[in-house]
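Residue-level structural notes
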Amino acid sequence: MTRTGLLVIGDVVTDVVALHGGPALAGLALGTDTDADIVLRPGGSGANTASWAAHLGADARFLTRVGFDTGEWHAAELRRVGVRPHLRVDSDRPTAVVIAMVDASGERSMLTNRGAGGHIGIDDWDESLLDGVRHLHLSGYTLFAEPGLQLSRLALSQAAQRGVTISVDPASTGPLRSFGPERFIQETLAAQLIIPNLDEALLLTGESSAERAAERLSLRYGAAAVKLGSQGALMAKNGKLTARVPGIATEVVDSTGAGDAFAAGLLTAMLRGADDETALDAGRRAGAEAVTAVGGRPRILASDLGTNQLYPLNTN
């Protein structure tokens, strides 16, 4: 049987997104009210990547742990974009919540409660999740708590034994620094591809340029695709740069999920046999689309569902 599936392991999050229109956190009025547009969206780095991949036509599956409060809503939102979710409900904890404060430039600062997501572990795993899977993508957030680290070790080992290709996204510089950059690399060396943003790539390598960081990471993993935001992206393999694409000019509304969308575009193209430049191009296009709307998921037009208006997000 031909394997086509993309399995993502990672977090699902209830995003509370506040667009306050000021300059970064300086735009917040301390001790009083600050006007903002506030919306509730399904999010989480892993869930976003799976959703974008499904949106782009991949056979996307997603393993995560949700809380007792919003698990059904998150499952429905994942299915709505075509993801096959494998969700374990934690009866003792709420789903992870992130409060994202988005400034006038579209940049965000986040307050995070990992909730149930911080307790995903080997009890959530079953090797049958790899049936029909060609590629495993691991969100770095999974490694940053001990249960998730144990799950990651098991999933990566069994995927490698089955000949499933593997990629990893370092997730965020804060927890990555606390976890330890070299430790992160050692724990994820089963992967053949790492997809960091520029700050993560520099942190992982100690280099001062995207090019040198990508080359160095590719010597450890085999390949590295470094996300450069508005400047595009580049790819290195086995210590040499192989491709680079510039950014796409677009109006940035909210940068939440742009890196997740990039990873989905890149991986979906690679699974279709695209060369490095074509895969980077698919990643940058997905990332550019992601920043044009609030939240980290693809917009679903009602025409996709048989009506003529935007399909509303809700928590019912």
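The present account deals with the structure reproduced in this document. All of these numbers come straight from a predicted model, not from anything done at the bench. (Residues numbered from 1 in each chain as written. Predicted model: local features only at pLDDT ≥ 70, side-chain atom pairs only at ≥ 80, totals over all residues. Heavy atoms only, no water.)

**Brief notes about the pattern of salt bridges**
Once the charged atoms of two side chains with opposite charge are near each other, the side chains can pair. Using the criterion set out here, one finds 19 salt bridges in the structure. A salt bridge links glutamate 211 to arginine 244; the shortest N-O distance between them is 2.4 Å. On the criterion of sequence distance, the pair formed by glutamate 211 in helix H7 (residues 210–221) and arginine 244 in strand E13 (residues 240–245) is long-range, its members being 33 residues apart. By sharing partners, the salt bridges in this structure join Arg65, Arg88, Asp90, Arg93 and Asp124 into a single network. (Salt bridge = Lys/Arg side-chain N within 4 Å of Asp/Glu carboxyl O. Helix = DSSP H or I, 4+ residues; strand = E, 2+ residues; numbered from the N terminus.)

**Topic: unusual backbone geometry**
Phi is positive for alanine 171, close to 90°, though the residue is something other than glycine. Along the chain, alanine 171 turns up in the loop between strand E9 (165–169) and helix H4 (173–179). Relative accessible area serves as the criterion here: at 17%, alanine 171 is assigned to the buried category. Even without glycine at this site, asparagine 238 takes up a positive phi of about 50°. Mapping asparagine 238 onto the fold places it in the loop between strand E12 (233–237) and E13. (Buried < 20%, exposed > 50% of the residue type's maximum accessible area, 1.4 Å probe, protein only.)

**Some words on the side chain of aspartate 276**
With respect to the helices and strands, the residue aspartate 276 is situated in helix H9 (residues 276–290). Reaching out from aspartate 276, the side chain makes a polar contact with the side chain of lysine 237 at a distance of 2.9 Å. Setting aside residues up to four positions removed in sequence, aspartate 276 forms contacts with Met235, Lys237, Thr242 and Ala243. (Polar contact = N/O pair within 3.5 Å; in protein donor to acceptor, adjacent residues only side chain to side chain. Contact = heavy atoms within 4.5 Å.)

**A few points about the pairing of strand E1 (residues 5–9)**
Counting buried positions along E1 yields five of five residues, so the element is predominantly enclosed. Side chains of E1 alternate between two faces, with Gly5, Leu7 and Ile9 and Leu6 and Val8 buried alike. Looking at chain direction, E1 and strand E4 (residues 59–67) are connected through five bridges and run parallel. Note that in E4 the partner of isoleucine 9 across the bridge is leucine 63. (Pairing = 2+ DSSP bridges.)

**Focus: the side chain of glutamate 187**
Mapping glutamate 187 onto the fold places it in helix H5 (residues 181–187). Residue classification places glutamate 187 among the buried residues on the basis of a relative accessible area of 19%. A polar contact of 2.6 Å, which involves the side chain of glutamate 187, links it to the side chain of arginine 153. Every residue in contact with glutamate 187, bar those within four places of it in the chain, is listed here: Leu143, Leu149, Arg153, Leu156 and Phe179.

**Digging into the pairing of strand E11 (residues 223–227)**
Summarising burial for E11: five of the five residues are buried, a large majority. Residue alternation in E11 divides its side chains into two sets, Ala223, Ala225 and Lys227 and Ala224 and Val226, and both sets are buried. Relative to E12, E11 is paired through five bridges, and the arrangement is antiparallel. By the bridge assignment, alanine 223 is partnered in E12 with lysine 237. Taken together, E11 and the strand that follows it, E12, pair antiparallel across an intervening segment of five residues, in which glycine 229 is found at a positive phi of about 60°.

**Let's talk about helix H3 (residues 146–161)**
Over its 16 residues, H3 extends 23 Å from the first C-alpha to the last, a length consistent with the 22 Å expected when each residue adds 1.5 Å. Looking at the buried residues of H3, the elements they touch are E1, strand E8 (133–139), E9, H4 and H5. Glycine 163 sits one or two residues past H3 and shows a positive phi near 80°. (Expected span 1.5 Å × (residues − 1).)

**Regarding the environment of valine 294**
Relative to the helices and strands, valine 294 resides in the segment after H9. Among the residues examined, valine 294 registers a relative accessible area of 24% and is labelled partly exposed. Residues valine 294 and leucine 19 lie 275 residues apart in sequence; the distance between their C-alpha atoms is 8.8 Å. Setting aside residues up to four positions removed in sequence, valine 294 forms contacts with Val17, Leu19, Val39, Arg41, Val253 and Asp254.

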